[in-house]
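# Structural characterization, general
Okay, here's what each chain looks like letter by letter:
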Amino acid sequence: MSIKHIEEYRDSTLARQLSEKIRRLSRRKIRLMEVCGTHTVSIFRSGIRSLLPETISLLSGPGCPVCVTDQAEIDAFIELARQKDVIVTTFGDLMRVPGSASSLQRERAEGRDIRMVYSTMDAVGLAQQNPGRHVVFLGVGFETTAPTIAAAILTAAGLKLENFSVISAHKVVPPALEALMTVDGARIDGFILPGHVSVIIGLKAYRPFFERHRMPCVVAGFEPGDILQAVAMLVEQFETGRPRLENAYPRAVAQEGNLKAQQVLTQVFQIGDACWRGIGRIPDSGLQIRASYAAYDAGRRFALHLPEPKTPRGCACGEILTGQKTPPECALYKKVCTPIDPVGPCMVSSEGTCAAYYRYHYDELEAQS
Amino acid sequence: MCLAIPSKITKIENNMAVIDVDGVKREASLLLIEDAQVGDYVIVHAGFAISKIDEQGALETLALLREAAALMDGREGDGGPSGV
Ligand code: SF4
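Residues numbered from 1 in each chain as written. Chains lettered and ligands numbered in written order. Predicted model: local features only at pLDDT ≥ 70, side-chain atom pairs only at ≥ 80, totals over all residues. Heavy atoms only, no water.

### Overview of the overall build of chain B
Secondary structure assignment for chain B yields one helix and five strands. For chain B, the succession of helices and strands along the chain, N to C, is β-β-β-β-β-α. By residue count, 49% of the 84 residues in chain B fall in the buried class. Within chain B, residue pairs in contact and separated by at least 24 positions form 26% of the contacts whose partners lie at least 6 positions apart. Carbon and sulfur atoms make up 47% of the accessible area of chain B, which amounts to about 4,000 Å² in all. (Helix = DSSP H or I, 4+ residues; strand = E, 2+ residues; numbered from the N terminus. Buried < 20%, exposed > 50% of the residue type's maximum accessible area, 1.4 Å probe, protein only. Contact = heavy atoms within 4.5 Å. Areas by Shrake-Rupley, 256 points an atom, 1.4 Å probe, with all protein chains shown as cover.)

The following block contains the structure:
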């Protein structure tokens with residue numbers, strides 16, 4: 001047997017048949033937002049946009065973790081790296097994001113100890129190996145990543161480690177969907193919901209949002225067949241005027257989600273407000289470390305004094321993350337801002353929309369068609 | 001950030017699994033899932049298994065995809081087996 005039938009989800013005949021079905025179904029113009037950055041990358045890499053009829057526009061949403069990280073949070077990360085005897089650990093994409101005055105990459109070139117890790121457990125391991133120094137993990141990401149960070153904190157607590165902490169810039173998805181509904185100019189007709197966030201929180205977590213807005217919503221996996229199937233379901237809902245909350249990824253996503261991961265997450269984190277780049281403060285959209293784990297909260301351990309953050313001038317990341325603009329509509333795109341010399345996080349992260357447009361020459365393809 | 005390919009568990013020791021992704025061996029923590037066994041397929045995110053892949057669900061999705069692709073008109077209006 002193949003790896004759980006993976007080839008079949010990638011089958012190009014199936015993709016063509018699905019795209020034909022979508023063409024047949026789709027009559028009116030429809031704007032669909034893929035909320036998750038991994039979907040954005042998969043859509044570009046597999047050329048799905050070229051398989052869709054002109055009636056369908058795909059917008060990339062606020063689901064690239066690095067892209068939605070607020071400038072003040074990036075500045076705090078950089079400030080942490082400057083603290084005495086600190087080792088900062090992070091997943092790769094954050095390194096090159098410009099802060100107000102520096103970046104983690106520049107700080108590392110200037111001698112600060114900043115290391116990329118594959119898992120939060122590696123950061124805990126580093127703390128064990130370096131008892132004389134303090135290891136901080138930079139926590140960005142959504143409900144998929146947050147339980148892994150919570151598990152690392154619980155492991156550190158079990159080991160009675162005193163030199164490990166996390167700064168939490170974690171965010172949760174459903175309140176962001178809510179916030180998008182109030183953005184003028186986004187004009188979203190349906191959501192392709194994130195696959196692995198949904199693995200954790202389950203389909204049920206979107207139910208209140210869905211009931212309030214009656215907006216077509218489909219959870220999708222990451223293979224081309226999965227995404228096309230989700231698009232077909234959304235178009236069908238839209239054309240028949242019967243919005244639903246559906247699951248096109250039942251092999252991984254359950255109604256209730258992953259209860260064990262939810263329990264680990266809520267043991268360590270509580271819900272609080274969070275600031276999203278380009279969107280601003282969204283109530284109840286962030287995860288804060290509970291007071292009972294204050295010893296592992298880098299935000300509490302280090303009193304950081306930060307000047308007012310300066311967001312890069314002219315960068316349209318905020319409008320792009322909310323579906324109001326596409327990268328070629330940013331005056332800096334390709335002229336000043338490139339993957340080698342990025343201005344905003346959407347050009348830095350491998351999941352950023354500007355980086356995807358650039359890498360796959362999407363603006364040129366769009367102009368030719 | 002998300003690795004979509006299911007990985008097979010080949011060994012388990014102290015809540016850590018050795019997993020095989022397309023022939024490459026890596027480690028994954030099992031702290032976030034229940035009852036994982038050698039031979040199970042899991043989705044791994046940032047070094048943690050976050051979900052077991054459900055064989056039944058995998059077949060259901062495929063059936064749904066094939067049905068969607070093959071039957072352009074005669075599809076039943078219930079949104080398929082996974083609709084809620
Ligand atoms: S092209 Fe660069 S400057 Fe423009 S929105 Fe994207 S990241 Fe920001």
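### What about the sheet that holds strand S6 (residues 164-168) of chain A?
All names here are of chain A. What the four strands build is an open sheet, ordered S4-S3-S5-S6; its pairing is parallel. Single-partner strands in this sheet number two, and they are strand S4 (114-116) and S6. Taking the axes of each pair of neighbouring strands and ignoring which way they run, one obtains an average angle of 25 degrees across the sheet. Pairing of strand S5 (residues 134-139) with S6, which is carried by five bridges, proceeds in the parallel orientation. Bridging from a neighbouring strand, valine 136 pairs with serine 165 of S6. Lying over the sheet, helix H7 (residues 120-129) contacts strand S3 (86-90), S4, S5 and S6, oriented at roughly 165 degrees with respect to S5. Contacting S5 and S6, helix H8 (residues 146-158) crosses the sheet at an angle of about 155 degrees to S6. (Pairing = 2+ DSSP bridges. Axes fitted to C-alpha atoms, helices over the stretch in contact; angles between N-to-C directions.)

### With respect to the packing of aromatic side chains
Residues and elements named next belong to chain A. Applying the stated criterion across every chain, the model contains six aromatic pairs over all chains. Ring geometry for phenylalanine 142 against tryptophan 276: centres 6.0 Å apart, planes inclined by 35 degrees, an arrangement best described as tilted. Taken together, the residues phenylalanine 142 in the loop between S5 and H8 and tryptophan 276 in strand S10 (residues 269-276) connect sequence positions 134 residues apart. Its relative accessible area of 8% is what places phenylalanine 142 among the buried residues. (Phe/Tyr/Trp six-rings, centres within 6.5 Å; stacked < 30°, edge-to-face > 60°.)

### A word on the pairing of strand S1 (residues 30-34) of chain A
All names here are of chain A. For S1, the tally of buried residues reaches five of five residues, placing the bulk of the element in the interior. Burial along S1 is two-sided: the residues Ile30, Leu32 and Glu34 and Arg31 and Met33 are all buried. Where S1 and strand S2 (residues 56-60) come together, five bridges link them in parallel fashion. Among the inter-strand pairings, methionine 33 is bridged to a residue of S2, identified as leucine 59. Of the pairings in the sheet, the one linking S1 to strand S7 (residues 190-193) comprises three bridges and is parallel in character. Within the sheet, the bridge partner assigned to methionine 33 lies in S7 and is phenylalanine 191.

### A word on the environment of Ser50(A)
Residues and elements named next belong to chain A. Locating serine 50 in the fold gives a position in helix H4 (residues 48-51). You can call serine 50 exposed: its relative accessible area is 60%. Note: C-alpha distance between serine 50 and alanine 15 (35 residues apart in sequence) is 12 Å. Polar contacts involving the side chain of serine 50 include one to the main-chain carbonyl oxygen of glycine 47, which spans 2.6 Å. (Polar contact = N/O pair within 3.5 Å; in protein donor to acceptor, adjacent residues only side chain to side chain.)

### A look at the domain arrangement of chain A
Residue and element names in this part refer to chain A. By domain assignment, chain A separates into domain 1 (1-311) and domain 2 (317-368). At the junction of the two partners, domain 1 supplies 31 residues and domain 2 supplies 23 residues. Overall, the association of domain 1 and domain 2 removes approximately 2,200 Å² of surface from exposure, summing both partners, and the carbon and sulfur fraction of that is 62%. Three residues, Phe44, Cys67 and Arg96, lead the burial of domain 1 against domain 2; their summed loss comes to 27% of the area buried on that side. One can count zero salt bridges joining domain 1 with domain 2. (Domains from an automatic or database assignment. Buried area = accessible area lost by both parts, 1.4 Å probe. Salt bridge = Lys/Arg side-chain N within 4 Å of Asp/Glu carboxyl O.)

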